[in-house]
Amino acid sequence: MVVEELDEPIRVRADFSAGTVTPKAFKRGTQVLTITRVNARWQDRTGTFKRYHFSVEADGNLFEIHLDSRDMAWWLDRVCLEG
Amino acid sequence: MHLDIDAFFASVEQVRNPRLRGKPVVVGAGVIASCSYEARRFGLCAAMSLAKAQRLCPQAVVLDGNYQIYHSFAEQVWEICRSFTPDMETLLDDAYLDLTGTERIHGDAEPLARRLKSRVRRETGLTVTCGVATSRVVARMASASMKPDGLVIVAPGGEMDFIRDKPVEKLPGIGPKTAEVLHRLNITTIGALSEIPRWSLEELLGAHGVAFYERSHGRDSHVVSRTEIPKSISRETCFHRETTDRNEIEGMLYYLAERATRTLRELGLAAKTVTVKIRYSDFTGEATSKSLARHTDLDDEVYDLACDICRKIYTRRVSLRGIGVILSNFKRVRGEQPELFDGESRCRRSRLYRTLDEVRRRYGYSSIVAGRSLDLVGSLESNDHGFVLRTPSLTK
């Protein structure tokens, strides 16, 4: 299991409904990865702005992404690869 | 009801990364802060040194941990609990819920507890153990008796039957030293303790003896209160590298003191007693307390006393492994009358610290580095929540 720390802007297709946000797929470079499972979600803050973090599985790997409510931008924080 | 999140930090890591499920997971730096039940099978437990843990269980996955993530998960659990009762007292990874009067809405305690457990598991992925009883002390012992993912209900009137045969050290508040005193008197079970007259326990153990007498009968007069004044506020950490550098030590002391006083101000409290703990690299330690002339919630007053204590107790020519500041002896701050002579100065400093709190709340803790904490800049990484410590203080 290899964990790589990243700080990479990504584009995410997400479902905003019932007061929650659920990421569905994200684009990393030219590759579109479909999220097969949201393992966990949590929040923290940067100043007054909330950041919504998700641990998700896509393409057989584990990713941690977050949505920054300051500018509604998505970021890829970590990837955990098999091996 | 007493609700305890099972192996909290380690469980959160297993939820974040499902590949860790079924593996021994340890969270901590220097010492174990939390370990999964898989790790406990190898004899690992909280507060054990990581070196020993790795000897006992070389395959354990060791993680530094992240307090912000754990705090967020705990808040999700407490939010679910609040949908069952508004009367809650939350600690770091456990909570007391007063369910009195909720029967007409939620029905009996058992189905309620099952619904609560299943919602926590579904919405957060964590498991909790619940103990339900007519008093806090019995509820807590009930939850401790069936971990993990347990549910124990002690019916009204059955409290003594439940606790009678348990070892006396299982009674909340009885630590190794008190247990030793009781064992010397051949008091080994809670039932035996309950037969000792109240005055006799008071004579033997002082004010604690009265509390133990009540608890040994399954009674606890503490009310579940979300606004309960904590007994102490503690901020402790290990250094990234053992150090003898006075600037680094006092810089860290300032940083911990200002984190603790910030919490004081958030809770509307002022403290009178300051304790400083140091831990040498050979794992021996010192701790001393001193009281201020008056209650305070000002960073500089707490730090000055803490620094004074630290200089007195740090006497050996051995590097320090860890340091901590503990504030206690609290009172609520309500419309204090300023001092006649230096009142203006205190008011101005109080306004300054509250303004710093507000700036940090809005722009992140690291937006301002104050006082001796400046000595840490460059040697410690920082993020929005402040300096990245080796062992973030996890006490509430």
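Caption draft 1: Main features of the overall build of chain A. A tally of helices and strands in chain A yields 0 helices and 6 strands. Taking 2.2 N^0.38 as the reference for a compact globule, 83 residues should give roughly 12 Å; the C-alpha atoms of chain A span a radius of gyration of 12 Å, in line with that estimate. On the principal axes, the C-alpha backbone points of chain A span a range of 40 × 25 × 25 Å. When the 83 residues of chain A are sorted by exposure, 42% land in the buried category.

Caption draft 2: Local environment of the interface of chain B and chain A. The interface is formed by 18 residues belonging to chain B together with 23 residues belonging to chain A. Overall, the association of chain B and chain A removes approximately 1500 Å² of surface from exposure, summing both partners, and the carbon and sulfur fraction of that is 48%. Counting the surface chain B buries against chain A, the share from its top three residues, Arg16, Arg19 and Asp384 of chain B, is 40%. Between chain B and chain A we count 1 salt bridge in total. A salt bridge links Glu64 of chain A to Arg16 of chain B; its shortest N-O distance comes to 2.8 Å. Inspection of the region where chain B meets chain A yields 6 residue pairs in polar contact (both at pLDDT 80 or more). At the level of elements, helix H1 (8-16), helix H4 (67-82) and helix H15 (343-363) of chain B are the ones that each hand at least two residues to the side of chain B that touches chain A. If one sorts the elements of the side of chain B that touches chain A by residue count, H4 of chain B sits on top with 5 residues. The class makeup of the residues in the side of chain B that touches chain A is 6 nonpolar, 6 polar and 6 charged.

Caption draft 3: Helix H14 (residues 299-313) of chain B, seen in detail. Between its first and last C-alpha, H14 of chain B extends 21 Å over 15 residues, near the 21 Å set by a 1.5 Å rise per residue. Among the residues making up H14 of chain B, those that are buried are Asp299, Asp300, Glu301, Val302, Tyr303, Leu305, Ala306, Cys307, Ile309, Cys310 and Ile313 of chain B.

Caption draft 4: Quick peek at the pattern of salt bridges. With the rule as written, the count across this model stands at 37 salt bridges over all chains. Where Glu64 of chain A meets Arg78 of chain A, a salt bridge forms, and the shortest distance between an N and an O atom there is 3.5 Å. Of the two residues, Glu64 of chain A sits in strand S5 (residues 61-68) while Arg78 of chain A sits in strand S6 (residues 73-81), which places them 14 residues apart along the sequence. A relative accessible area of 7% means that Glu64 of chain A is categorised as buried. Of the residues examined, Arg78 of chain A reaches a relative accessible area of 22% and is grouped as partly exposed. Here Lys147 of chain B makes a salt bridge to Asp6 of chain B, at a shortest N to O gap of 3.4 Å. Here the residue Lys147 of chain B occupies a position in the loop between helix H7 (136-144) and strand S8 (151-153), and Asp6 of chain B occupies one in the loop between strand S1 (2-5) and H1, the gap between them amounting to 141 residues. Residue class for Lys147 of chain B comes out partly exposed when judged on its relative accessible area of 33%. Overall, Asp6 of chain B belongs to the buried group, its relative accessible area being 1%. It is possible to trace a salt-bridge network through shared partners that takes in Glu5, Glu64 and Arg78 of chain A together with Glu13 and Arg16 of chain B.

Caption draft 5: Quick look at empty space enclosed by the protein. Residues and elements named next belong to chain B. Taken as a whole and assessed by the stated rule, the structure comprises 3 cavities of 30 Å³ or more. Counted as a void, the largest cavity has a volume near 90 Å³. For the largest cavity, the lining is made up of 11 residues, of which Tyr67, His71, Ala74, Leu91 and Leu92 are closest to its centre. Mapped by element, the contributors of at least two residues to the lining of the largest cavity are H1 and H4. With 6 residues, H4 is the single largest residue contributor to the lining of the largest cavity. Residue composition of the lining of the largest cavity, by class: 8 nonpolar, 1 polar and 2 charged.

Caption draft 6: Examining the sheet that holds strand S10 (residues 269-280) of chain B more closely. Residue and element names in this part refer to chain B. Ordered in space as S9-S12-S10-S11, the 4 strands form an open sheet in which the pairing is antiparallel. Among the strands making up the open sheet, the edge pair consists of strand S9 (232-243) and strand S11 (285-296). Neighbouring strand axes in the sheet, compared pairwise and without regard to direction, differ in orientation by 15 degrees on average. One ladder, built from 11 bridges, connects S10 with strand S12 (residues 320-332); its direction is antiparallel.

Caption draft 7: Inspection of the packing of helix H13 (residues 246-266) of chain B against H14 of chain B at higher detail. All names here are of chain B. The contact between H13 and H14 brings their axes to 9 Å, and the two run at 140 degrees. Between H13 and H14, the angle falls in the class oblique. The hand of the H13/H14 crossing is right-handed. Packed against H13, whose contacting residues are Arg246, Ile249, Glu250, Leu253, Tyr254, Ala257, Glu258, Thr261 and Arg265, the element H14 presents Asp299, Val302, Tyr303, Ala306, Cys307, Cys310 and Arg311 at the interface.

Caption draft 8: Looking closely at the state of the cysteines. Residue and element names in this part refer to chain B. Applying the stated criterion across every chain, the model contains 0 disulfides over all chains. Just so you know, Cys81 is unpaired, no disulfide at all, and the nearest cysteine sulfur is the one on Cys130, 7.6 Å from it. No disulfide involves Cys307; its sulfur sits 6.5 Å from that of Cys310, the nearest cysteine.

Caption draft 9: Just the sheet that holds S1 of chain B, in detail. Residues and elements named next belong to chain B. The strand order S5-S6-S1-S7-S8 describes an open sheet built from 5 strands, whose pairing is mixed. The sheet is open, and its two edges are formed by strand S5 (88-90) and S8, each paired on a single side. In this sheet, adjacent strand axes meet at a mean angle of 10 degrees when their direction is disregarded. Relative to S8, strand S7 (residues 128-132) is paired through 3 bridges, and the arrangement is parallel. Paired with Val132 across the bridge in S8 is Ile153. Running over the sheet, helix H6 (residues 109-124) touches S1, strand S6 (94-97), S7 and S8 and is turned about 160 degrees from S8.

Caption draft 10: Quick look at the side chain of Glu250 of chain B. Residue and element names in this part refer to chain B. Within the secondary structure layout, Glu250 lies in helix H13. Here the side chain of Glu250 touches Arg311 through a polar contact of 3.0 Å, side chain to side chain. If sequence neighbours within four positions are ignored, Glu250 has contacts with Tyr303, Cys307, Arg311 and Arg372.

Analysis parameters
Residues numbered from 1 in each chain as written. Chains lettered and ligands numbered in written order. Predicted model: local features only at pLDDT ≥ 70, side-chain atom pairs only at ≥ 80, totals over all residues. Heavy atoms only, no water. Helix = DSSP H or I, 4+ residues; strand = E, 2+ residues; numbered from the N terminus. Rg over C-alpha atoms; globule rule 2.2 N^0.38 Å. Buried < 20%, exposed > 50% of the residue type's maximum accessible area, 1.4 Å probe, protein only. Contact = heavy atoms within 4.5 Å. Buried area = accessible area lost by both parts, 1.4 Å probe. Salt bridge = Lys/Arg side-chain N within 4 Å of Asp/Glu carboxyl O. Polar contact = N/O pair within 3.5 Å; in protein donor to acceptor, adjacent residues only side chain to side chain. Nonpolar A, V, L, I, M, F, W, Y, C, P; charged D, E, K, R; others polar. Expected span 1.5 Å × (residues − 1). 1 Å grid on protein atoms, 1.4 Å probe; cavity = no way out; pocket = protein on both sides within 12 Å on 5 of 7 lines; lining within 4 Å. Points joined across faces, edges and corners; volume = space filled by probe spheres on them. Pairing = 2+ DSSP bridges. Axes fitted to C-alpha atoms, helices over the stretch in contact; angles between N-to-C directions. Parallel < 35°, antiparallel > 145°, perpendicular 65-115°, else oblique. Left-handed = near helix turned anticlockwise from the far one by under 90°. Disulfide = S-S within 2.5 Å.

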